There are 2 protein chains.
Amino acid sequence: MKILSLFEPIRAELELVEERLHQAVEVEDSQLREILLYILGSGGKRIRPALVVLASKFHDSDMEQVLPLAAAVELLHTATLVHDDLLDGSVLRRGNPTLNANLGTGVAILVGDYLFARAADLAAATDSVPVVSIFARALMTICSGELKQVFDQGRSRRTKEDYYQSTYSKTASLFAASTEAGALLSGASPPTVQALRDYGHNLGMGFQIVDDILDFTGDEKELGKPIGSDLRQGTITLPLLLFLETHPEVGVLPSIFEEEQGREERIQSLVDMVSDSSAIGSAREAAERFTVESKEAIQNLSPTEYRQVMLDLADYLLERRL
Amino acid sequence: MKILSLFEPIRAELELVEERLHQAVEVEDSQLREILLYILGSGGKRIRPALVVLASKFHDSDMEQVLPLAAAVELLHTATLVHDDLLDGSVLRRGNPTLNANLGTGVAILVGDYLFARAADLAAATDSVPVVSIFARALMTICSGELKQVFDQGRSRRTKEDYYQSTYSKTASLFAASTEAGALLSGASPPTVQALRDYGHNLGMGFQIVDDILDFTGDEKELGKPIGSDLRQGTITLPLLLFLETHPEVGVLPSIFEEEQGREERIQSLVDMVSDSSAIGSAREAAERFTVESKEAIQNLSPTEYRQVMLDLADYLLERRL
């Protein structure tokens with residue numbers, strides 16, 4: 001297993017999480033097992049399980065509770081990716097064919113549902129009802145956020161407020177749930193739990209903004225998916241919102257998508273305009289602000305090596321190229 | 001709220017469950033709320049919540065735990081129906097347009113996911129980790145059973161064993177989970193929990209077989225969906241399996257589905273043949289055997305009015321026309 005080098009201080013724990021993940025997909029049906037292993041093996045960075053483990057290190061944590069939670073969070077995340085790819089009609093994820101592209105809609109729906117259930121069972125293995133509840137609510141937030149996006153599509157122009165709200169639902173809510181639940185399981189004091197939740201929340205916001213920037217400026221090969229994917233799906237993210245603020249003449253966005261002919265060229269040209277504009281720098285500044293806030297949230301926690309990993313992780317996620 | 005008259009002894013509890021269900025869908029987003037109310041209001045018989053309540057009556061049950069569980073089970077069931085209709089491409093359920101027919105695939109996936117999450121949160125409100133686990137495992141069984149059906153499609157002819165296995169996964173597992181979890185929450189003794197689980201299991205098997213018979217012999221108006229729906233989706237159920245045993249000459253089933261032209265006529269003619277055959281009587285006998293076993297499972301429990309409702313329910317579900 002390849003882990004990010006900055007996770008070295010929690011290597012042992014992450015290897016145990018990996019074991020739990022593999023145990024969790026050891027199902028009787030060989031076809032289902034193969035599919036689950038394919039999804040698990042397709043190269044996630046395991047950031048969320050790492051957040052659970054790190055957040056549990058500020059008090060007396062019991063690994064027998066922390067490990068199932070870390071595995072549960074990764075499976076929940078994986079389930080949402082499977083359904084997301086289906087919703088978006090994506091055919092590639094991290095350079096590999098998506099489940100829906102490979103095996104169709106029905107299998108993608110059911111495998112996602114199976115993973116939700118497996119994740120819930122692992123969450124129950126923490127033996128903590130509040131943790132199960134945090135977990136269930138994060139999923140509610142994720143789903144209702146995505147539904148709002150579907151309902152709002154084409155209705156009115158997306159605002160920055162809409163964008164930040166959806167970024168919280170989509171990504172930051174699960175980051176925050178991971179650190180909150182990890183801290184709670186360790187029996188940390190309420191202010192420590194809150195500090196760790198705030199860290200996760202801000203880290204997730206910054207992470208998603210960087211993701212959205214990379215969808216304009218990234219390298220297709222490194223990302224394993226085409227540039228401009230969001231725009232192609234009609235999703236307007238921060239770089240474009242900031243670009244439109246300074247270029248009101250590029251106003252009538254829906255027209256980009258409406259006509260089939262020349263659509264791809266119009267999208268490509270918009271991607272190029274945004275990439276070359278100052279909007280990228282402004283979006284980066286927004287991501288930096290969240291990164292700073294995530295680090296500030298944990299400044300009063302004991303200065304352990306784990307806190308250092310969390311500080312380094314915030315910088316790493318800001319600077320990453322994929 | 002209209003409840004089955006045989007549920008009269010638990011009317012008060014079922015009305016409180018209904019209140020919980022409505023509270024559970026009181027979400028901020030008005031569009032999502034409207035959708036959830038539409039789904040909840042589309043006429044389920046609330047059999048699973050009734051099973052939870054009834055099974056909790058054999059020991060000291062705390063309604064503050066039982067009610068959220070009963071609501072959770074109904075929401076979980078509803079979530080699986082939403083995804084099922086999408087998988088099957090069904091356009092009608094209980095006479096109303098399905099969510100996928102009305103609002104499309106994306107909304108149906110996300111609303112189903114949202115309901116899973118809401119159900120998990122309600123399950124957590126029981127404050128019982130074992131109950132959450134029973135609940136999560138029932139969902140795993142449902143999903144892996146459906147996946148098996150997808151994987152097996154067109155591979156080899158379905159056997160009766162396959163049918164019974166899938167009937168357990170699809171229906172009996174959640175019936176069994178409902179009675180087991182209800183009993184467990186009440187603090188009933190292990191043999192009582194087991195007896196109630198066995199009741200639920202056998203009741204669910206009989207229920208599903210009757211459902212499958214009605215798909216051949218039922219009244220389209222009463223059912224709110226076309227006759228022969230299973231066959232049209234390529235699902236081979238017990239009446240057809242029994243028919244094929246005595247009519248081996250109608251062997252090459254896949255040919256029915258393969259050619260588009262005249263497909264509907266071939267299906268209709270097969271539905272008529274099965275309906276007029278002795279296979280219906282044989283399938284009914286199978287349903288009766290499960291009904292008898294469900295009643296036998298609880299014969300040693302205290303002869304309360306609740307046990308009587310459970311015995312009556314078994315007979316009612318066998319005799320129902322929809």
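Residues numbered from 1 in each chain as written. Chains lettered and ligands numbered in written order. Predicted model: local features only at pLDDT ≥ 70, side-chain atom pairs only at ≥ 80, totals over all residues. Heavy atoms only, no water.

J.: Whenever I open this one, the packing of helix H8 (residues 190-217) of chain A against helix H11 (residues 238-246) of chain A confuses me. Can you help?
T.: Two quantities define a packed helix pair, namely the angle between the helix axes and the distance between the axes. Residue and element names in this part refer to chain A. Orientation of H8 relative to H11, taken along the N-to-C sense of each, is 70 degrees, at an axis distance of 8 Å. Classified by the angle their axes make, H8 and H11 are roughly perpendicular. Across the interface between the two elements, Ile-209, Asp-212, Ile-213 and Phe-216 of H8 pack against Leu-238, Pro-239 and Leu-240 of H11. Here the contact of H8 with H11 is composed, by residue class, of 6 nonpolar, no polar and 1 charged. (Axes fitted to C-alpha atoms, helices over the stretch in contact; angles between N-to-C directions. Helix = DSSP H or I, 4+ residues; strand = E, 2+ residues; numbered from the N terminus. Parallel < 35°, antiparallel > 145°, perpendicular 65-115°, else oblique. Contact = heavy atoms within 4.5 Å. Nonpolar A, V, L, I, M, F, W, Y, C, P; charged D, E, K, R; others polar.)

J.: Is there a simple way to explain the interface of chain A and chain B in this structure?
T.: Many authors give the size of an interface as the accessible area that is lost as the parts come together. The interface is formed by 37 residues belonging to chain A together with 37 residues belonging to chain B. Buried surface at the junction of chain A and chain B, both sides included, amounts to about 3400 Å², of which 78% is carbon and sulfur. Taken together, the connections running from chain A to chain B amount to 2 salt bridges. At the boundary of chain A with chain B, the tally comes to 6 residue pairs in polar contact (both at pLDDT 80 or more). For the side of chain A that touches chain B, the secondary-structure elements that each account for two or more residues are helix H2 (30-40), helix H4 (63-88), helix H5 (99-124) and helix H6 (129-152) of chain A. It is H6(A) that provides the largest number of residues to the side of chain A that touches chain B, a total of 14 residues. Here the residues of the side of chain A that touches chain B are counted per class, giving 22 nonpolar, 6 polar and 9 charged. (Buried area = accessible area lost by both parts, 1.4 Å probe. Salt bridge = Lys/Arg side-chain N within 4 Å of Asp/Glu carboxyl O. Polar contact = N/O pair within 3.5 Å; in protein donor to acceptor, adjacent residues only side chain to side chain.)

J.: Even after reading the chapter, I still don't get the relation of the copies chain A and chain B, so can you show me in this structure?
T.: Copies of the same chain, two in number, are related to each other by a rotation about an axis and a translation along it. The transformation that overlays chain A on chain B combines an axial shift of 0.0 Å with a rotation of 180 degrees, and the residual RMSD is 0.0 Å. Such values leave the two copies arranged in the relation of a two-fold axis. Minimal C-alpha separation from the rotation axis in chain A is found for A:Val129, amounting to 3.1 Å. (Least-squares fit on C-alpha atoms with pLDDT ≥ 70 in both.)

J.: What should I look at first to understand unusual backbone geometry in this one?
T.: Trans is the prevailing form of peptide bonds, just as negative phi is the prevailing case for residues other than glycine. All names here are of chain B. Of note in the backbone geometry, Arg-46 takes a positive phi value of approximately 55 degrees without being a glycine. Residue position: Arg-46 is located in the loop between helix H2 (30-40) and helix H3 (47-55). For Arg-46, a relative accessible area of 9% corresponds to the buried category. Positive phi, close to 65 degrees, is recorded for Asp-127, a residue that is not glycine. Position of Asp-127 among the secondary structure elements: in the loop between helix H6 (105-124) and helix H7 (129-152). By relative accessible area, which is 57% here, Asp-127 ends up exposed. (Buried < 20%, exposed > 50% of the residue type's maximum accessible area, 1.4 Å probe, protein only.)

J.: Honestly, H3(B) in this entry has me stumped. Any pointers?
T.: Side chains of residues three or four places apart in an α-helix project in the same direction, reflecting 3.6 residues per turn. Residue and element names in this part refer to chain B. Counting buried positions along H3 yields 9 of 9 residues, so the element is predominantly enclosed. Within the span of H3, buried status applies to Ile-47, Arg-48, Pro-49, Ala-50, Leu-51, Val-52, Val-53, Leu-54 and Ala-55. On its buried face, H3 is in contact with helix H1 (11-24), helix H4 (63-88), helix H8 (160-185), helix H9 (190-217) and helix H16 (305-319).

J.: In this structure, what is going on with the nonpolar core? I would like to understand it.
T.: In globular proteins that are soluble, nonpolar side chains generally tend to be buried together. Ranked by size, the top nonpolar core spans 168 residues in total, and within it A:Phe7, A:Val111, B:Phe7 and B:Val111 carry the most contacts. Sort the elements by how many residues they give to this core and H5(A) lands first, with 14 residues. Here A:Val111 is in contact with A:Leu32, A:Ile35, A:Leu36, A:Ile39, A:Leu99 and B:Leu147, once residues within four sequence places are set aside. (Core = buried A, V, L, I, M, F, W, Y, C linked by side-chain atoms within 4.5 Å.)

J.: Just to check I follow, could you spell out the confidence of the model for chain A for this structure?
T.: Segments scoring low in pLDDT should not have their predicted coordinates read at a detailed level. On average, residues of chain A score 92 in pLDDT, and 96% of them are at 70 or above. Interface confidence for the predicted complex, expressed as ipTM, amounts to 0.92; the pTM equals 0.93. (pLDDT = per-residue confidence, 0-100.)

J.: Sorry, what's going on with the state of the cysteines here?
T.: Linking two cysteines covalently via their sulfur atoms produces the bond known as a disulfide. Scanning the model with the defined rule gives 0 disulfides over all chains in all. Its sulfur unpaired, B:Cys143 is 14 Å from the next cysteine sulfur, which belongs to A:Cys143. Take B:Cys143: its relative accessible area is 2%, and that puts it in the buried class. (Disulfide = S-S within 2.5 Å.)

J.: When you look at the pattern of salt bridges in this model, what are you seeing that I'm missing?
T.: Opposite charge on two side chains allows them to pair when their charged atoms are near. Under the definition given, this model contains 34 salt bridges over all chains. Here B:Asp121 and A:Arg137 are joined by a salt bridge, their closest N and O atoms 3.1 Å apart. In this pair, B:Asp121 is assigned in helix H6 and A:Arg137 in helix H6, connecting two distinct chains. On the basis of relative accessibility, which here comes to 7%, the residue B:Asp121 falls in the buried class. Classification of A:Arg137 as partly exposed rests on a relative accessible area of 48%.

J.: For this particular structure, what's the right way to read the environment of B:Val25?
T.: Residues and elements named next belong to chain B. Topologically, Val-25 is positioned in the loop between H1 and H2. We classify Val-25 as buried; its relative accessible area is 2%. Each C-alpha atom of the pair Val-25 and Leu-40 lies 8.9 Å from the other, and the pair is 15 residues apart in sequence. Excluding residues that lie within four positions of it along the chain, Val-25 makes contacts with Arg-33, Leu-36, Leu-37 and Leu-40.

J.: How should I be thinking about the packing of H9(B) against helix H15 (residues 279-297) of chain B in this particular structure?
T.: All names here are of chain B. Contact pair H9 / H15: the axes reach a minimum separation of 8 Å and the direction vectors enclose 160 degrees. With respect to each other, H9 and H15 are oriented roughly antiparallel. The handedness of the crossing between H9 and H15 is left-handed. The segment H9 lies against H15, with Ala-195, Asp-198, Tyr-199, Asn-202, Leu-203, Met-205, Gly-206, Ile-209, Val-210, Ile-213, Phe-216 and Thr-217 engaging Ile-280, Ala-283, Arg-284, Ala-286, Ala-287, Phe-290, Glu-293, Ser-294 and Ala-297. For the contact of H9 with H15, a count of residues per class yields 14 nonpolar, 4 polar and 3 charged. (Left-handed = near helix turned anticlockwise from the far one by under 90°.)

J.: Hey, could you run me through the packing of aromatic side chains in this one?
T.: The geometry of an aromatic ring pair is captured by the separation of the ring centres together with the interplanar angle, meaning the angle of the planes. Residues and elements named next belong to chain A. One pass over the full model with this rule turns up 6 aromatic pairs over all chains. With centroids separated by 5.9 Å and ring planes inclined at 50 degrees, the aromatic side chains of Tyr-164 and Phe-290 adopt a geometry described as tilted. You can see Tyr-164 sitting in helix H7 (residues 160-185) and its partner Phe-290 sitting in helix H14 (residues 279-297), a full 126 residues away along the chain. Since its relative accessible area comes to 24%, Tyr-164 is described here as partly exposed. One aromatic cluster in this structure is built from Tyr-163, Tyr-164 and Phe-290. A cation sits over an aromatic face here: Arg-320 above Phe-207, 4.1 Å from the ring centre. (Phe/Tyr/Trp six-rings, centres within 6.5 Å; stacked < 30°, edge-to-face > 60°. Lys NZ or Arg CZ within 6 Å of the ring centre and 35° of its normal.)

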